[in-house]
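Report on the structure
Chain by chain, the residues run as shown.
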Amino acid sequence: MAQDTLFERACRAEPVERTPIWVMRQAGRYLPEYRAVRKDTSFLERCRTPELAAEVTFQPIRRFALDAAIIFSDILVPVEAMGVGVEFKPGPVLDRQVANESDVDALKSPDPIKDMGYVMEACKTFI
């Protein structure tokens, strides 16, 4: 049986020999290997393709002595799954506003597996 990682033990508030170091996806944007992936793919393609999301998540971990990373994705992934179109031009642009109660009522309740399963598939790469 594999021993729990430093990060897992710290998450459970168990004693650890040092504070774990983790990285958000933004921390790797300057890396040449990320720029190589980025030049041939769109931002949403990187989010929606489990292999690409896992690859760009792992890039800073391979390069630096890190204990964990936040999966490469975007806060707007669930919004898109709720039926609001999202494009990046270069920043996020929604195809409609959600500004009042009727707009909220019109949102779809997403199925995490059907509508955002690619996020879980990317996470499975780490197991």
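Rules used in this analysis
Note that residues are indexed from 1 along each chain, following the sequence as it is written. Since the coordinates come from a predicted model, pLDDT governs what is reported: local features require at least 70, and pairs of side-chain atoms require 80 or more to be given and counted, while whole-chain, interface and lining totals use all residues. In computing side-chain values, all of the structure's heavy atoms are included and hydrogens and water are not. Side-chain rings of Phe, Tyr and Trp (the six-membered ring for Trp) are treated as a pair once their centres are within 6.5 Å; stacked means planes under 30 degrees apart, edge-to-face means over 60, and tilted covers the remaining angles. In this description a helix means any DSSP run of H or I spanning at least four residues, a strand means any run of E spanning at least two, and both kinds are numbered starting from the N terminus. Each residue's exposure class comes from its accessible area (1.4 Å probe, protein chains only) as a fraction of the maximum for that residue type: buried when under 20%, exposed when over 50%, partly exposed otherwise. Cysteine sulfur atoms that pair up within 2.5 Å are treated as a disulfide. What counts as a salt bridge is simple: a side-chain nitrogen of Lys or Arg found within 4 Å of a carboxyl oxygen of Asp or Glu. Between N or O atoms, a polar contact is any pair within 3.5 Å; within protein, one atom must be a potential hydrogen donor and the other a potential acceptor, and residues adjacent in sequence are included only when both atoms are from side chains. Contacts are assigned to residue pairs that have any heavy atoms within 4.5 Å of one another. The definitions used throughout rest on a 1 Å grid laid over the protein atoms alone, on which a cavity is an enclosed set of points accommodating a 1.4 Å probe that cannot get out and a pocket is an open set flanked by protein within 12 Å on both sides along at least five of seven lines; lining residues are those having an atom within 4 Å of a point. Grid points are joined across faces, edges and corners, and a volume is the space filled by probe spheres set on the points. Here the nonpolar group is Ala, Val, Leu, Ile, Met, Phe, Trp, Tyr, Cys and Pro; Asp, Glu, Lys and Arg are the charged ones; every other residue, Gly included, is treated as polar. In plain words, nonpolar cores are sets of buried Ala, Val, Leu, Ile, Met, Phe, Trp, Tyr and Cys residues tied together by side-chain atoms within 4.5 Å. One fewer than the residue count of a helix, multiplied by 1.5 Å, yields its expected span.

**Concerning the packing of aromatic side chains**
Using the criterion set out here, one finds three aromatic pairs in the structure. Where Phe43 meets Phe88, the ring centres are 4.7 Å apart and the plane angle is 55 degrees; that geometry is what we call tilted. Of the two residues, Phe43 sits in helix H3 (residues 43-48) while Phe88 sits in strand E3 (residues 86-88), which places them 45 residues apart along the sequence. The exposure class assigned to Phe43 is buried, which follows from its relative accessible area of 15%. Look at Phe88 and you get partly exposed, because its relative accessible area is 26%. Aromatic rings pair up to connect Tyr34, Phe43, Phe72 and Phe88 into one cluster.

**Focus: the state of the cysteines**
Under the defined criterion, the tally for this structure stands at zero disulfides. Note on Cys11: no disulfide assigned, nearest cysteine sulfur contributed by Cys123 at a separation of 14 Å. Lacking any disulfide linkage, Cys123 is separated from the closest cysteine sulfur, that of Cys47, by 12 Å. Judged by its relative accessible area of 27%, Cys123 is partly exposed.

**Structural notes on the pattern of salt bridges**
Summed over the entire model, instances satisfying the criterion amount to 12 salt bridges. Linking Arg63 and Glu33 is a salt bridge whose minimum nitrogen-to-oxygen distance equals 2.9 Å. Of this pair, Arg63 sits in helix H4 (residues 50-63) while Glu33 sits in helix H2 (residues 32-39), placing them 30 residues apart in sequence. On the basis of relative accessibility, which here comes to 44%, the residue Arg63 falls in the partly exposed class.

**Let's talk about the side chain of Thr41**
Its place among the elements puts Thr41 in the loop between H2 and H3. In this structure the side chain of Thr41 is engaged in a polar contact, spanning 2.8 Å, whose partner is the backbone oxygen of Val37. Sequence-distant contacts of Thr41, defined by excluding residues within four places in its chain, comprise Arg46 and Leu52.

**Things to note about the layout of surface pockets**
There is about 360 Å³ of room inside the largest pocket. Here the element with the most residues in the lining of the largest pocket is H4; it accounts for three residues. Its residues placed into classes, the lining of the largest pocket shows nine nonpolar, three polar and three charged.

**Describing the nonpolar core**
Of all hydrophobic cores here, the largest spans 16 residues; its most connected members are Tyr34, Phe43, Cys47, Val56, Phe72 and Val77. At the level of elements, H2, H3, H4, helix H5 (77-81) and helix H7 (112-124) are the ones that each hand at least two residues to this core.

**What about H7?**
The end-to-end C-alpha separation of H7 is 15 Å, well short of the 18 Å expected for 13 residues at 1.5 Å each. The complete set of buried residues in H7 reads Asp115, Met116, Gly117, Tyr118 and Ala122. Looking at the packing, one finds that the buried side of H7 touches H3, H4 and H5. By the N-cap criterion, in which a side-chain oxygen at the helix start approaches the backbone nitrogen of a residue two or three places on, H7 is capped by Asp111, the distance to Ile113 being 2.8 Å.

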